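So you can see what is in the structure, the chains are spelled out below.
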Amino acid sequence: SGPLPSEMGRLVHLTTLSLTNNSFTGTIPTHFGDLTNLEKLYLTGNKLNSSLSTEFYDMASLSEFHCGGHQVTTERGTVFLSNRLWGTISTLIGRLTRLEVFKIAQNDLSGF
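Sequence order sets the numbering: in each chain, residues are counted from 1 along the sequence as written. Predicted model: local features are reported for residues with pLDDT of at least 70 only, side-chain atom pairs are reported and counted for 80 or more only, and whole-chain, interface and lining totals are derived from all residues. Side-chain figures throughout are based on the complete set of non-hydrogen atoms in the structure, without hydrogens or water.

Engineer: I'd like a rundown of the environment of Arg-84, residues and numbers included.
Structural biologist: The helix count covers DSSP runs of H or I at least four residues long, the strand count covers runs of E at least two residues long, and both are numbered beginning at the N terminus. Mapping Arg-84 onto the fold places it in the loop between β8 (77-81) and β9 (86-88). Its relative accessible area of 55% is what places Arg-84 among the exposed residues. Between the C-alpha atoms of Arg-84 and Leu-109, which are 25 residues apart in sequence, the distance is 8.7 Å. Contact definition: two residues touch when any of their heavy atoms are within 4.5 Å. In this structure Arg-84 touches Leu-48, Asn-49, Ser-50 and Asn-107, once residues within four positions along its chain are discounted. The buried label goes to any residue with under 20% of its type's maximum accessible area, the exposed label to any with over 50%, and the partly exposed label to all in between, with areas taken from a 1.4 Å probe on protein chains only.

Written out as structure tokens, the structure is:
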């Protein structure tokens with residue numbers, strides 16, 4: 001839980017980052033744009049509340065991005081972990097030429 005550390009932007013050789021179902025809050029750090037070797041980014045099932053920054057579109061190797069909501073059933077009942085990405089998907093998405101999967105269900109994003 002808590003915010004995603006901006007220091008993750010220093011992991012420039014990382015190719016896969018899976019942070020699914022951790023209840024992270026806050027924004028997707030702009031420093032993630034420095035992860036130019038990152039191919040797969042999984043943020044599903046957190047509580048992020050941000051737009052996709054211009055720097056997000058600098059991840060030139062990104063082929064999969066998952067950032068939707070997720071339902072978890074526990075002994076206390078059903079919990080919905082849902083990110084709240086908002087804003088417009090920038091035309092800069094064209095920079096992500098390797099992008100094959102872009103799952104953003106249950107957010108408040110709009111087209112370009």
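Engineer: Tell me about the sheet that holds strand β5 (residues 47-48), residues and numbers included.
Structural biologist: Judged by pairing direction, the sheet is parallel, and its three strands sit side by side in the order β1-β3-β5 without closing on themselves. Of all strands in the sheet, those with a lone pairing partner are β1 (2-3) and β5, marking the two edges. Note that β1 and strand β3 (residues 24-26) share two bridges and pair parallel. Its bridge partner lying in β3, Pro-3 is registered against Thr-25. Two strands qualify as a pair provided DSSP detects at least 2 bridges between them.

Engineer: Got a sec to walk through the environment of Thr-44? Specific residues and values, please.
Structural biologist: Examined against the element boundaries, Thr-44 turns out to sit in the loop between β4 (40-42) and β5. For Thr-44, a relative accessible area of 16% corresponds to the buried category. Along the chain, Thr-44 and Ser-23 lie 21 residues apart, while their C-alpha atoms are 9.5 Å from each other.

Engineer: Tell me about the sheet that holds strand β2 (residues 16-18), and name the residues and values.
Structural biologist: Pairing in this open sheet of four strands is parallel, and the strands run β2-β4-β6-β10 from one edge to the other. Of all strands in the sheet, those with a lone pairing partner are β2 and β10 (101-103), marking the two edges. On average, adjacent strands in this sheet sit at an angle of 5° to one another, irrespective of strand direction. Sheet topology note: the β2/β4 ladder contains three bridges and is parallel. In this analysis an axis means a line fitted to C-alpha atoms, helices contributing only their contacting stretch, and an angle means the value between N-to-C directions, from 0 to 180 degrees.

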